[in-house]
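Secondary and tertiary structure notes
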Amino acid sequence: MIARRILSIAALMLAAQGAQAATCQLAVEANDMMQFNTKKLEVDAACPEVRLTLKHVGSSPANVMGHNWVLVRTADLGAVANAALRAGREHQYQPPADGRVLAVTPTVGGGESTTITFETAALRSGETYSFFCSTPGHNAIMRGTLIVNGTPARLAADARQ
Ligand SMILES: [Cu+2]
């Protein structure tokens, strides 16, 4: 009886971990047609950090059709995109040390992928963020929204205390 109860608790814990792993990981694909495969991403605010993988499923090299993934507040998108242009190719079109950039991946070419981890502490639940590719000319098409849902991890932790 006790053994069965322990087993069911263990099963519940595994299920909880599985659910968290699913919502704290994002996968985005980019292609040779200058497109992301999604316009909308959702993050559970209970995730202390998010693991994002950007995969370039095309075949063009990075200097021809390189893509990255940049997360900003929607209001900052235009200004950060311009700063990325000024940063130039030597900085992979990423403005160095720009506090408006909430997360950014390296630039990848066809067949490559990259994975980053970013903290959600700077993100507010209910707010809509924007992601885009900062390679020149790409963000007109390669952009979308990221929404944070639920109770932020730090608030949930406070509530438990
Ligand atoms: Cu791009």
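My aim in this report is to walk through the structure given alongside it, one point at a time. (Residues numbered from 1 in each chain as written. Predicted model: local features only at pLDDT ≥ 70, side-chain atom pairs only at ≥ 80, totals over all residues. Heavy atoms only, no water.)

**As for the sheet that holds strand β7 (residues 128-132)**
We apply this condition: Two strands are counted as paired when DSSP detects at least two bridges linking them. Counting from the N terminus, the helices are the DSSP runs of H or I reaching at least four residues and the strands are the DSSP runs of E reaching at least two. Whether two residues touch is decided by their heavy atoms; if any such pair falls within 4.5 Å, the residues are in contact. All axes here are fitted lines through C-alpha atoms, helices being fitted over the stretch that makes contact, and every angle between N-to-C directions spans 0 to 180 degrees.
Strand order across the open sheet formed by 5 strands is β2-β8-β7-β4-β5, with mixed pairing between neighbours. The open sheet is flanked by β2 (40-44) and β5 (103-104), the only strands paired with a single partner. As paired elements, strand β4 (residues 70-73) and β5 share 2 bridges and run antiparallel to each other. The partner of L71 across the bridge, within β5, is A103. Helix-sheet contacts for helix α3 (residues 77-87) involve β4, β7 and β8 (143-149), and the interaxial angle to β7 is about 25°.

**Examining the layout of surface pockets**
Condition: A 1.4 Å probe that fits but cannot get out identifies a cavity on a 1 Å grid over protein atoms alone, an open set with protein on both sides within 12 Å along at least five of seven lines counts as a pocket, and a residue lines either if it has an atom within 4 Å of a point. Grid points are joined across faces, edges and corners, and a volume is the space filled by probe spheres set on the points. Three categories are distinguished: nonpolar for Ala, Val, Leu, Ile, Met, Phe, Trp, Tyr, Cys and Pro, charged for Asp, Glu, Lys and Arg, and polar for the others, with Gly belonging to the last.
Estimated volume of the largest pocket: approximately 180 Å³. Partitioned by chemical class, the residues of the lining of the largest pocket number 4 nonpolar, 6 polar and 1 charged.

**Concerning the coordination of the copper ion**
By definition of the ideal shapes, a tetrahedral metal site with four donors has angles of 109.5 degrees and an octahedral site with six donors has angles of 90 or 180 degrees. This is how it is decided: Donor criterion used throughout: N, O or S atom within 2.8 Å of the metal, extended to 3.2 Å for Na, K and Ca. Water excluded; incomplete-looking sites may result. A four-donor site is called tetrahedral if each angle lies between 85 and 135 degrees; a four-donor site is square planar, and a six-donor site octahedral, when trans pairs exceed 155 degrees and the remaining angles lie between 65 and 115; all other cases are labelled irregular.
Distances from the copper ion to its protein donors, H67 (ND1), C133 (SG), H138 (ND1) and M142 (SD), fall within 2.1 to 2.7 Å. Note that the copper ion binds 4 donor atoms; their angles at the metal cover 82 to 131°, and the shape is irregular. The sequence motif formed by the donor residues of the copper ion is H-x65-C-x4-H-x3-M. Here C133 lies in the loop between β7 and β8 and H67 lies in the loop between α2 (62-65) and β4, a separation of 66 residues in the sequence.

**What about the side chain of N31?**
What counts is decided by this rule: Polar contacts here mean pairs of N or O atoms no more than 3.5 Å apart (in protein, one a potential hydrogen donor and the other a potential acceptor; neighbouring residues in sequence count only if both atoms are side-chain atoms).
For N31, the location among the structural elements is in the loop between β1 (25-30) and β2. Within the structure, the side chain of N31 is placed 3.0 Å from the side chain of Q35, a separation counted as a polar contact. Those residues in contact with N31 that sit more than four places away from it in its chain are H56, V57, G58, M65 and H67.

**Here we look at the pattern of salt bridges**
A side chain with one charge can pair with a side chain of the opposite charge if their charged atoms come near. Under the convention used in this document: Here, a salt bridge means any side-chain nitrogen of Lys or Arg that lies within 4 Å of a carboxyl oxygen of Asp or Glu. Between buried and exposed lies partly exposed: a residue is buried under 20% and exposed over 50% of the maximum accessible area for its type, with that area taken using a 1.4 Å probe on protein chains only.
All told, the structure shown has 1 salt bridge when counted by the stated rule. Of the charged contacts, one joins R100 and D98 as a salt bridge, the two residues approaching to 2.8 Å between their closest N and O atoms. Overall, R100 belongs to the partly exposed group, its relative accessible area being 30%. Given the relative accessible area of 17%, D98 is considered buried.

**Digging into the state of the cysteines**
Let me state the cut-off plainly: When two cysteine sulfur atoms lie within 2.5 Å, the pair is treated as a disulfide.
All told, the structure shown has 1 disulfide when counted by the stated rule. Note on cysteine connectivity: C24 is disulfide-linked to C47, with sulfurs 2.1 Å apart. The disulfide joining C24 to C47 has a torsion of about -95° about its S-S bond and is therefore left-handed. Note that C24 is positioned in the loop between α1 (2-23) and β1 and C47 in the loop between β2 and β3 (49-56), a separation of 23 residues in sequence. Residue C24 shares its accessibility class with C47, and that shared class is buried.

All we've got here are geometric facts, nothing functional implied.
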